[in-house]
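The primary structure of each chain is shown beneath.
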Amino acid sequence: MNADDVIHGEWHVRYNYSVGKVAGHFFEGLKEKKILASHCSASGIAYLPPRAYCERAFEPCDGWVEVGHTGTIEAATIVTAAFENLPPPPYAIAYARLDNASTALVNFVRGLDLSDVPAAAAKLKPGAKVKVVFKDTPEGRITDFHYELAE
Amino acid sequence: MAKNVVALIGAAQTKFKTHYADKTYVELAQEAAKQALDDAGMEPGEIDAVVFSMAPTQFMGVNDCDRWSTAHVFGTGKPYMRIHAGGATGGSALAAGYIHVASGVYRSVLVVGADRVAETPDAQHILNLIWDRFYEHDFALNTVTMTAIAAQRYMARYGTTEEQFAKVVVRGRKNAMGNPYAHLKGDITVDDVMNSPRVAYPYKRFDICPRSSGAAAVVLTNLEVAKQKCARPAFVNGASAITHSVFMGDRMGVFSETEFSDHDGEGIAAYEAYRQAGITDPSSQLQVAELYDPFSTFQYPIIEGLGFCGRGRAAAIDQEGGWDMRGGQVAINPSGGTLCTNPIGVTGLVRVVDAANQIMGKAGANQLPNVHNAVATAAGGSTQFFTVTVLGDDHTPKGIAQ
């Protein structure tokens, strides 16, 4: 008996995720370079990512608000290690609250020198301003845009 | 709310390490189940129901492995449920077992589970799969990056430094030297942590828990059975859990009702567990805290949330030795905690086992004197699920008999 013996296995599973009406409307907006937050008139909250229902007022979101292409970082990190199936490092990730949105939305922050990690992290502190940069030809996916530092 | 007294009368954990070459997953779970029953002085026939503690099964690679485990943990012919709340799983499984007994529906319940996080080479690949495909999955979120993001925000709020977080690692590895079950242990320095390779700001490699394999189990029962079986049980006097939205971006900024970087769900859960257990002054009533701290940045906000000090104060108190196992204000993670050992599907349960052992006088070399009350926490999902368990040597603390 070999107690160190192992059996190798791999999982390959494919999916098709239905987008639904709410995400579908959001994605249509992205094709026109518009970022649309779902709005609840009862609570006044503009949600990004958009929601069908307001989680604060427990009422249906009853409108859409186009948010700004500038915003404020709430939290961020700089990744310098490689993870399987994730982008090659280094890269920066930030939650930013875009102007007129009530909640923060995650995306990559590009165009920043990440060679000195603490120095770069200092530039991504909560309160730092970002701008949205769209692809030339958006496809109606969340990856159609990214953040860059505004200053 | 009327409820029955719940006593923990048996507790077990295996040694934790990266790989278990000599046992399969179910054999590991069985080892913990058998040891917990032996510790409780019980036969499998005396168990009325089984709660199986298991988080994502993609780490160990057998889908929904609770099915594989039923007979191995002596569940055949009994009510059997699996609990899964990500990293909070072990705390939630304990809460489920607690409710089984507190409700009076079952006398005696086995809560058991196992995990083998390193059966697949990159756990963070799997953890990235917990995010939705529409809005968040594409941005390299995983448990390392999402908690690094929380830590960066905490540092900006309170001025905490990377060196202060490094001290948490040093203290944990040192405490773990007295814990024969711990995965990582040893004398390291703040410089060792600071010089380990950067992973995701502010984390270096030593700021991050290992991927552990192993198992844990507890036996919960009512007061009548406990009196027959156990001279010094650990009574479960408070058990609570709260859940946040999956969207971390809802929980930061001026419109948020909660503060993401404070891990504030743990504070909300603590408030409820303390109410149940009659804890009104945590620092004087609780002697031991076993915190779910897979990253060096978790302890300070959780210590603050549990009411051991004000917000933003925990790091400064740590510098003065306030969270040391011996001589501190409260002994934080005498086991070494999750930073030293993280078998995700049972980590929350291990926290309960370690806290209960301190009350039952079974903590070995790390046993502390005069432990009357202890608290155990767990957290999971997108820092989303939070549990708090309060254990005590007396089942009639102020406030429990309502």
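Residues numbered from 1 in each chain as written. Chains lettered and ligands numbered in written order. Predicted model: local features only at pLDDT ≥ 70, side-chain atom pairs only at ≥ 80, totals over all residues.

A look at the overall build of chain B
Thought 1: Check the secondary structure of chain B and you find 13 helices and 12 strands.
Thought 2: By its C-alpha atoms, chain B is 55 × 45 × 45 Å across when sized along the principal axes.
Thought 3: Counting every position in chain B, which comprises 402 residues, the buried fraction comes to 63%.
Thought 4: Residue pairs at least 24 apart in sequence account for 80% of intrachain contacts in chain B once pairs closer than 6 positions are excluded. (Helix = DSSP H or I, 4+ residues; strand = E, 2+ residues; numbered from the N terminus. Buried ≥ 20, exposed ≤ 12 C-beta atoms within 10 Å, placed from the backbone. Contact = placed C-beta atoms within 7 Å.)

Thoughts on the overall build of chain A
Thought 1: From N to C terminus, chain A includes two helices and eight strands.
Thought 2: Helices and strands in chain A line up, N terminus first, as α-β-β-β-β-β-β-α-β-β.
Thought 3: Whereas a compact globule of 151 residues would reach a radius of gyration of roughly 15 Å, chain A reaches 19 Å, over 25% beyond that.
Thought 4: Along the first, second and third principal axes, the C-alpha atoms of chain A reach 70 × 40 × 35 Å.
Thought 5: Out of the 151 residues belonging to chain A, those deemed buried represent 36%.
Thought 6: Sequence separation of at least 24 residues holds for 49% of the intrachain contacts in chain A that already meet a minimum separation of 6. (Rg over C-alpha atoms; globule rule 2.2 N^0.38 Å.)

Some points on the confidence of the model for chain B
Low pLDDT marks regions whose predicted coordinates should not be analysed in detail.
Thought 1: Across chain B, the average pLDDT comes to 96, with 98% of residues at 70 or higher.
Thought 2: Across the whole predicted complex the pTM is 0.97, and at the interface the ipTM reaches 0.97. (pLDDT = per-residue confidence, 0-100.)

A look at the sheet that holds strand E11 (residues 373-380) of chain B
All names here are of chain B.
Thought 1: Spatial strand order, E3-E2-E4-E7-E1-E8-E12-E11-E9-E10: 10 strands in an open sheet with mixed pairing. Looking along the sheet, the strands with just one partner apiece sit at the ends: strand E3 (80-83) and strand E10 (331-332).
Thought 2: Direction of pairing for strand E1 (residues 6-13) relative to strand E7 (residues 213-222): antiparallel, over a ladder of seven bridges. Within the sheet, the bridge partner assigned to Ala11 lies in E7 and is Val218. (Pairing = 2+ DSSP bridges.)

What to know about the sheet that holds strand E3 (residues 63-66) of chain A
Residues and elements named next belong to chain A.
Thought 1: Reading across from one edge, E2-E1-E3 is the order of the three strands in this open sheet, with antiparallel pairing throughout. The two strands at the open ends of the sheet, each matched to only one other strand, are strand E2 (46-47) and E3.
Thought 2: Two elements, strand E1 (residues 36-39) and E3, share four bridges in a ladder whose sense is antiparallel. Directly across from Ser38, in E3, lies its bridge partner Trp64.

Considering the interface of chain B and chain A
Thought 1: On the chain A side, the residues contacting the 38 residues of chain B number 39 residues.
Thought 2: Elements with a minimum of two residues in the side of chain B that touches chain A: helix H4 (123-128), helix H5 (143-158) and strand E5 (198-200) of chain B.
Thought 3: Looking at the side of chain B that touches chain A residue by residue, the class counts come to 19 nonpolar, 11 polar and eight charged. (Nonpolar A, V, L, I, M, F, W, Y, C, P; charged D, E, K, R; others polar.)

Describing the nonpolar core
Thought 1: Ala36(B) and Val218(B) are the most contacted members of the largest nonpolar core, which has 179 residues in total.
Thought 2: Residue contributions to this core peak at 10 residues, all from helix H13 (residues 344-360) of chain B. (Core = buried A, V, L, I, M, F, W, Y, C linked by C-beta atoms within 7 Å.)

Let's talk about the pairing of strand E5 (residues 91-98) of chain A
Residue and element names in this part refer to chain A.
Thought 1: Here E5 lies mainly inside the structure; eight of its eight residues are buried.
Thought 2: Strand direction decides the pairing type here: strand E4 (residues 70-79) and E5, joined by eight bridges, are antiparallel. Its bridge partner being in E5, Ile73 is matched across the sheet by Ala96.
Thought 3: In the sheet, E5 pairs with strand E6 (residues 105-110) via five bridges, with the strands oriented antiparallel. Residue pairing across strands places Ala94 opposite Asn107, the latter belonging to E6.
Thought 4: With antiparallel pairing between neighbouring strands as the criterion, E5 and E6 make up a hairpin whose turn holds six residues, including Asn100 at a positive phi of roughly 85°.

Regarding helix H6 (residues 162-176) of chain B
Owing to its 3.6 residues per turn, the α-helix brings residues three or four apart onto one side.
Residue and element names in this part refer to chain B.
Thought 1: An ideal rise of 1.5 Å per residue puts 21 Å on 15 residues; H6 measures up with 22 Å between its terminal C-alpha atoms.
Thought 2: For H6, the buried fraction is high: 11 of the 15 residues fall into the buried class.
Thought 3: Taken residue by residue, H6 has Glu162, Gln164, Phe165, Ala166, Val168, Val169, Arg171, Gly172, Arg173, Asn175 and Ala176 as its buried positions. (Expected span 1.5 Å × (residues − 1).)

Structural notes on unusual backbone geometry
Thought 1: The step from Leu48(A) to Pro49(A) runs through a cis peptide bond, and the omega angle for that step is -10°.
Thought 2: With respect to the helices, strands and loops of the structure, Pro49(A) is situated in the loop between E2 and E3.
Thought 3: The peptide bond linking Tyr201(B) to Pro202(B) adopts the cis configuration, its omega dihedral lying at 5°.
Thought 4: The residue Pro202(B) is located in the loop between E5 and strand E6 (203-204) in this model.
Thought 5: We note that Ala140(B) has phi near 60°; this positive angle belongs to a residue other than glycine.

Structural notes on helix H1 (residues 20-31) of chain A
All names here are of chain A.
Thought 1: For H1, built from 12 residues, the straight-helix expectation of 16 Å at 1.5 Å per residue is met to within 8% by its first-to-last C-alpha distance of 16 Å.
Thought 2: Looking at H1, one finds that the buried residues are Ala23, Phe26 and Leu30. For H1, the buried positions fall inside an angular range of 60° around the axis, keeping them on one side. Projecting away from the buried face of H1 at angles above 90 degrees are the exposed residues Lys21 and Glu28. (Arc of directions from axis to C-beta.)

Examining the packing of helix H3 (residues 89-102) of chain B against H13(B)
Residues and elements named next belong to chain B.
Thought 1: The geometry of H3 relative to H13 is characterised by a closest axis approach of 5 Å and an angle of 65° between their N-to-C directions. Residue-level inspection shows Thr89, Gly90, Gly91, Ala93 and Leu94 of H3 in contact with H13, the latter providing Gly345, Val346, Thr347, Gly348, Leu349, Val350, Arg351 and Val352.
Thought 2: For the contact of H3 with H13, the residue count by class is six nonpolar, six polar and one charged. (Axes fitted to C-alpha atoms, helices over the stretch in contact; angles between N-to-C directions.)

Quick word on the environment of Thr160(B)
Residue and element names in this part refer to chain B.
Thought 1: With respect to the secondary-structure elements, Thr160 resides in the loop between H5 and H6.
Thought 2: On the neighbour-count criterion, Thr160 (20 C-beta atoms within 10 Å) is buried.
Thought 3: Taking C-alpha positions, Thr160 is 8.8 Å from Ala316, a pair spaced 156 residues apart along the chain.
Thought 4: Sequence-distant contacts of Thr160, defined by excluding residues within four places in its chain, comprise Tyr154, Met155, Phe165, Tyr300 and Ala315.

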